[in-house]
Amino acid sequence: MFISFEGLDGSGKTTQAQLLAETLRSHGRDVLFLREPGGTEISERIREILLDKKHLHMTQISEILLFSAARAQLISEVIRPALEKNCFVICDRYADSTTAYQGFGRGLNLETVRAINAAATGGLWPEKTIFLDVPISELISRREKSGLPLDRMESGGLEFFERIRQGYLHLCKEEPRRIVRIDGMRSVDALRQEIWSVLASTFTS
Ligand SMILES: Nc1ncnc2c1ncn2[C@@H]1O[C@H](COP(=O)(O)OP(=O)(O)O)[C@@H](O)[C@H]1O
Ligand SMILES: [Mg+2]
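Note that the structure is a prediction, hence the values are computed from the model and not measured.

Colleague: Quick question: what am I supposed to make of the site of ligand 1 here?
Modeller: Surveying the vicinity of ligand 1 reveals 13 residues, the closest of which are Gly-10, Lys-13, Thr-14, Thr-15 and Arg-186. The contact in question runs from an oxygen atom of ligand 1 to an N or O atom on the backbone of Ser-11, over 3.3 Å. One of the side-chain N or O atoms of Lys-13 is found 2.7 Å from an oxygen atom in ligand 1. Protein chains bury 66% of the 560 Å² of accessible surface belonging to ligand 1 in isolation. Elements with a contribution of two residues or more to the shell around ligand 1: helix 1 (13-26) and helix 8 (188-204). Among the elements that line the shell around ligand 1, the one with the most residues is helix 1, at three residues.

Laid out in structure tokens, this is it:
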């Protein structure tokens, strides 16, 4: 079973993905928890390049190809072998991030993005994707509370984030069976329960 979490930074993906991994483990399941980009030696090195604030001149096509290269490596070295062993794979971001950020956010041609995603994933998509939807104003206040500086990807401005959010909403409409929008404005525990009930029906079907 392959599950991904999507949404803007600060929407609660890592929190909920980790809680889901813990819950599954407490039910005796093997779980592999992965963050994107990363998860292999090559992919982690690509991650450093992508998030480095020195690289503001990175071209859009370089950016999408680097994300996709990191993902292709992760799929081949880690995700496919784990799925073959019936492991639960939980990804903190996957190829929908590319569509939302590079396609809708940066404005790359959506057909090009689709083709690159198809090549990088080899057609491997999660059974369920949880999109945690949180208004941009709330994301900004969470970020201010955390006191963390912005990385290169997060320095794109408010309109950039709003386009990404609209991109995610578009994907939810396009693939309603796979991508589930969850209102991320509730408590961590309320979200954990809702996500569990959404996924429980997938586990048993
Ligand atoms: N449901 C929630 N309500 C309020 N704050 C939350 C919630 N979930 C997570 N947070 C806080 O928001 C910040 C971002 O959460 P995180 O899980 O790291 O998001 P992401 O991985 O999507 O960037 C963290 O400081 C976290 O404690
Ligand atoms: Mg995170």
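Colleague: Just checking my understanding: could you explain helix 4 (residues 95-105) for this structure?
Modeller: An α-helical segment advances 3.6 residues per turn. Residues three or four places apart therefore align on the same side. Among the 11 residues of helix 4, 10 are classified as buried, and the element is accordingly described as predominantly covered. By the burial criterion, the buried members of helix 4 are Ala-95, Asp-96, Ser-97, Thr-98, Thr-99, Ala-100, Tyr-101, Gln-102, Gly-103 and Gly-105. Here the buried face of helix 4 lies against strand 1 (2-6), helix 3 (60-84), helix 5 (110-121), strand 4 (128-133), helix 7 (158-174) and strand 5 (179-183). Gly-107, located one to two residues past helix 4, shows a positive phi value of around 85°.

Colleague: For this particular structure, what's the right way to read the state of the cysteines?
Modeller: As used in these notes, a disulfide is a covalent bond between sulfur atoms, one from each of two cysteines. One pass over the structure, following the stated rule, counts zero disulfides. Cys-91 carries a free sulfur, and the closest cysteine sulfur to it, the one in Cys-87, is 11 Å from it. Overall, Cys-91 belongs to the buried group, its relative accessible area being 0%. Take Cys-172: it sits in no disulfide, and the sulfur closest to it among the cysteines is that of Cys-91, at 18 Å.

Colleague: Whenever I open this one, the sheet that holds strand 2 (residues 31-35) confuses me. Can you help?
Modeller: In sheet architecture, strand pairing relies on hydrogen bonds along the backbone and comes in two forms, parallel and antiparallel. Across the sheet, which stays open at both edges, the five strands sit in the order 2-3-1-4-5 with parallel pairing between neighbours. Both outer strands of the open sheet, strand 2 and strand 5, are each paired with one neighbouring strand and no more. Geometrically, the sheet is characterised by an average inter-axis angle of 20° between neighbouring strands, direction not taken into account.

Colleague: Explain the nonpolar core to me, please; I cannot follow it from the model alone.
Modeller: Taken as a class, soluble globular proteins show a tendency for nonpolar side chains to be buried jointly. Core analysis: the largest hydrophobic core is formed by 17 residues, its most contacted members being Phe-5, Leu-20, Ile-90, Ile-130, Leu-132, Ile-182 and Ile-195. The set of elements that each furnish at least two residues to this core consists of strand 1, helix 1, strand 3 (88-92), strand 4, strand 5 and helix 8. Not counting chain neighbours up to four residues away, the residues in contact with Ile-182 comprise Ile-130, Phe-131, Leu-132, Asp-133, Leu-191, Glu-194, Ile-195 and Val-198. Counting 14 residues, the second largest nonpolar core, distinct from the first, contains Phe-131, Phe-160, Cys-172 and Ile-179.

Conventions we followed
- Residues numbered from 1 in each chain as written.
- Chains lettered and ligands numbered in written order.
- Predicted model: local features only at pLDDT ≥ 70, side-chain atom pairs only at ≥ 80, totals over all residues.
- Heavy atoms only, no water.
- Near = heavy atom within 4 Å.
- Polar contact = N/O pair within 3.5 Å; in protein donor to acceptor, adjacent residues only side chain to side chain.
- Areas by Shrake-Rupley, 256 points an atom, 1.4 Å probe, with all protein chains shown as cover.
- Helix = DSSP H or I, 4+ residues; strand = E, 2+ residues; numbered from the N terminus.
- Buried < 20%, exposed > 50% of the residue type's maximum accessible area, 1.4 Å probe, protein only.
- Contact = heavy atoms within 4.5 Å.
- Disulfide = S-S within 2.5 Å.
- Pairing = 2+ DSSP bridges.
- Axes fitted to C-alpha atoms, helices over the stretch in contact; angles between N-to-C directions.
- Core = buried A, V, L, I, M, F, W, Y, C linked by side-chain atoms within 4.5 Å.

That is the geometry; function is a separate question.
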